[in-house]
Amino acid sequence: MLKGKKILIGITGSIAAYKTITLVRLLIKAGAEVKVVMTPAAREFASPVVLSTLSKNTVIHDLVEGDAWSNHVMLGRWADVMLIAPLSCNTLAKMANGLCDNVLLAVYLSATCPVVIAPAMDEDMWHHPSTKRNLVQLVKDGNHLIEVGKGELASGLFGDGRMAEPEEIGQYLIENFFRTDELKGQKAMVTAGPTYEAIDPVRFIGNHSSGKMGFAIAEELYLRGADVTLITGPTSQQTNYKGITIKPVVSADDMYNAAVAAFDGAAIAVMSAAVADYKPVLASQEKIKKKQDEWSIELVKNKDILHQLGQQKKKGQFLLGFALETNNEKENALSKLKAKNADGIVLNSLNDKDAGFGVDTNTVTIFHQSGEEMKVALKSKKEVATDIVSFIIKHLHV
Ligand code: CTP
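Bear in mind that the values here come from a model prediction, so they are computed numbers and not experimental data. (Residues numbered from 1 in each chain as written. Predicted model: local features only at pLDDT ≥ 70, side-chain atom pairs only at ≥ 80, totals over all residues. Heavy atoms only, no water.)

Scanning the protein from terminus to terminus reveals 13 helices and 21 strands. In terms of its C-alpha atoms, the protein occupies a principal-axis envelope of roughly 80 × 55 × 40 Å. Sorting the 398 residues of the protein into buried and exposed places 49% on the buried side. Residue pairs in contact within the protein that sit at least 24 positions apart in sequence constitute 67% of those at least 6 positions apart. Seen as two clouds, the 44 positive and the 45 negative side-chain charges of the protein have centres 3 Å apart. (Helix = DSSP H or I, 4+ residues; strand = E, 2+ residues; numbered from the N terminus. Buried < 20%, exposed > 50% of the residue type's maximum accessible area, 1.4 Å probe, protein only. Contact = heavy atoms within 4.5 Å. Lys, Arg positive; Asp, Glu negative; His and termini not counted. Charge placed at Lys NZ, Arg CZ, Asp CG, Glu CD.)

So this is what it looks like as structure tokens:
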């Protein structure tokens, strides 16, 4: 997504500059081209030697370097996006008023690319009316604001004013400027995580699904341009992409209703949730006391969401299921593909090391109803999601 993208980073004098060092590394690792421009005060907080080494480019911190004039106009034209992080209270005020007493401000004033600002300051400065006024002006001028977070501040106080974390800033840039348009205008829905089937108000039947694979697929579909609805059972997973519509559910029945509603008009449906196969016939309204030595719970089968969507499926809708198997893996996966009228099925084998529940890696085989089969070697769930979405795009509308 960031490969070959040109990102110009402006750093001002703030303790949060240490986070920008990590951000530069993340962006370079993701394949972006990065150039850094600093205010004189910023050099007290982050070393130009570190930043030039990480960014693989000379850091610019003066309008005149040696005998040469630094061409600030061309920098703003070179970049796909300019990010000022951290943005101190002082530089924020100067930007809002069009001042130009250092190279970073000169670059900002001549930038023709979008400009993103990630402020960082102490809570009292952040809440000062003049800062608020300047911020409103900067947003009105067309700058994109990454909100500050709440937490421990350099002063030791706790409050608003923390610069967003490097990962969040990277994701903000991708979400707002670098999504591809491969799936633009297409709706996609993904189910993820486990479902909880209530026994009583405090107990449930659940499973070990972490939701990691489903979240990774939802994010990848979104980054390829789709409008994504993610229907998720209870999980600790989160996404920083604000454009993904999250529908939290608890039980298989909740997931069924949300999925059937979202499937209408969706071009893509990926059913990666580990839906509980059975639920208690009756969920007690009150906590069940341990009176008996033995206790059995009568269970009834849950509705099969994938099967239902397979029945509803219209031409042009691509339906992908998952199969988690321990034996006769291929045979079982193919019979699920057929029985549920899916277009493809992703086989997860519990026999594969470092794959499956909870871990960050996975290896799968994807089967298409045409007989095509694609093996995805062990890699991060994020990378597996990339391969799964590429497989979907290849087979969509053909
Ligand atoms: N699925 C679903 N609704 C259910 C059960 C499963 O949508 N009530 C979906 C899962 O999200 C997954 C696929 O169906 O995409 C898994 O198929 P399933 O036959 O349920 O697998 P298992 O539960 O592992 O079945 P079995 O125990 O028979 O192997």
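Moving on, we come to empty space enclosed by the protein. Taken as a whole and assessed by the stated rule, the structure comprises 1 cavity of 30 Å³ or more. Surrounding the largest cavity, Ala216, Glu219, Glu220, Leu223 and Lys382 form its lining. If you tally residues by element for the lining of the largest cavity, the top one is helix α9 (residues 212-223), at 4 residues. In terms of residue class, the lining of the largest cavity is made up of 2 nonpolar, no polar and 3 charged. (1 Å grid on protein atoms, 1.4 Å probe; cavity = no way out; pocket = protein on both sides within 12 Å on 5 of 7 lines; lining within 4 Å. Points joined across faces, edges and corners; volume = space filled by probe spheres on them. Nonpolar A, V, L, I, M, F, W, Y, C, P; charged D, E, K, R; others polar.)

With that out of the way, let us pick up the sheet that holds strand β5 (residues 81-87). The strand order across the open sheet built from 5 strands is β2-β1-β5-β6-β7, with neighbouring strands paired in parallel fashion. What marks the edges here is a single partner per strand, and that holds for β2 (33-38) and β7 (144-145). Two strands pair when backbone bridges link them, and β5 and strand β6 (residues 115-119) are joined in this way by 4 bridges, in the parallel orientation. Its bridge partner lying in β6, Met82 is registered against Val115. Of the strands in this sheet, β5, β6 and β7 touch helix α7 (residues 129-140), which is tilted by about 160° from β6. (Pairing = 2+ DSSP bridges. Axes fitted to C-alpha atoms, helices over the stretch in contact; angles between N-to-C directions.)

Before going further, it helps to spend a moment on the pattern of salt bridges. Enumeration over the complete set of coordinates arrives at 15 salt bridges. We note a salt bridge from Glu220 to Arg224, for which the minimum N-O separation is 2.7 Å. According to the relative accessible area criterion, Glu220 is buried, its value standing at 7%. Through salt bridges with shared partners, a single network forms among Lys19, Arg162 and Glu165. (Salt bridge = Lys/Arg side-chain N within 4 Å of Asp/Glu carboxyl O.)

Mapped onto the secondary structure, Thr365 falls in strand β20 (residues 361-368). For Thr365, a relative accessible area of 11% gives the class buried. The contacts of Thr365, once residues within four sequence positions are left out, are Ile345, Val346, Leu347, Glu373, Met374 and Lys375.

Pairs of packed helices are described in terms of their axes, by the angle between the two and the distance that separates them. Helix α13 (residues 381-395) packs onto α9 with a crossing angle of 55° between their chain directions and a minimal axis gap of 8 Å. Viewed along their axes, α9 and α13 adopt a mutual orientation that is oblique. Along this stretch, α9 crosses α13, giving a crossing that reads as right-handed. Across the interface between the two elements, Lys212, Met213, Ala216, Ile217, Glu220 and Leu221 of α9 pack against Lys381, Lys382, Val384, Ala385, Thr386, Ile388 and Val389 of α13. A per-class count over the contact of α9 with α13 returns 8 nonpolar, 1 polar and 4 charged. (Parallel < 35°, antiparallel > 145°, perpendicular 65-115°, else oblique. Left-handed = near helix turned anticlockwise from the far one by under 90°.)

On to the site of the ligand, then. All residues in the neighbourhood of the ligand are listed as Met271, Ala273, Val275, Asp277, Lys303, Asp304, Ile305, Leu306, Gly321, Phe322, Lys336 and Lys340. In this structure, an oxygen atom belonging to the ligand sits 2.7 Å away from a main-chain N or O atom of Ala273. A distance of 2.8 Å separates an oxygen atom of the ligand from a polar atom in the backbone of Leu306. Contact with the protein chains removes 74% of the 570 Å² of surface that the ligand exposes when unbound. Secondary-structure elements contributing two or more residues to the shell around the ligand are α11 (305-312) and β18 (318-325). (Near = heavy atom within 4 Å. Polar contact = N/O pair within 3.5 Å; in protein donor to acceptor, adjacent residues only side chain to side chain. Areas by Shrake-Rupley, 256 points an atom, 1.4 Å probe, with all protein chains shown as cover.)

A cis amide bond, omega -5°, links Ala85 with the succeeding residue Pro86. Relative to the elements of secondary structure, Pro86 occurs in strand β5. Positive phi, close to 65°, is recorded for Lys56, a residue that is not glycine. Relative to the elements of secondary structure, Lys56 occurs in the loop between α2 (48-55) and β3 (64-65). A residue is classified by how much of its surface remains accessible, and Lys56, at 63% relative accessible area, is exposed. Phi at Asn328 takes a positive value of approximately 40°, unusual for a residue other than glycine.

Time to look at the packing of aromatic side chains. For the structure shown, the criterion picks out 3 aromatic pairs. Seen from their ring centres, Tyr196 and Phe204 are 3.7 Å apart, and the 10° between their planes marks the pair as stacked. What makes Tyr196 partly exposed here is its relative accessible area of 25%. For Phe204, a relative accessible area of 42% gives the class partly exposed. Considering the side-chain rings of Tyr222 and Tyr241, the 5.8 Å spacing of their centres and the 45° angle between planes classify their relative orientation as tilted. Here Tyr222 is found in helix α9, whereas its partner Tyr241 is found in the loop between β13 (227-232) and β14 (245-248), with 19 residues between them in sequence. Take Tyr222 and Tyr241: they sit in the same class, and that class is buried. (Phe/Tyr/Trp six-rings, centres within 6.5 Å; stacked < 30°, edge-to-face > 60°.)

Grouped together as the largest cluster of nonpolar side chains are 66 residues, with contacts concentrated most on Ile9, Ile217, Leu221 and Ile388. The element contributing the most residues to this core is α9, with 8 residues. Both of domain 1 (6-177) and domain 2 (187-283 + 299-395) provide at least three residues apiece to this core. Sequence-distant contacts of Ile217, that is, excluding residues within four places in its chain, are made with Val190, Val270, Phe322, Ala385, Ile388 and Val389. One finds Leu75, Ile117, Trp126 and Leu145 within the second-largest nonpolar core, a separate group that totals 28 residues. (Core = buried A, V, L, I, M, F, W, Y, C linked by side-chain atoms within 4.5 Å. Domains from an automatic or database assignment.)

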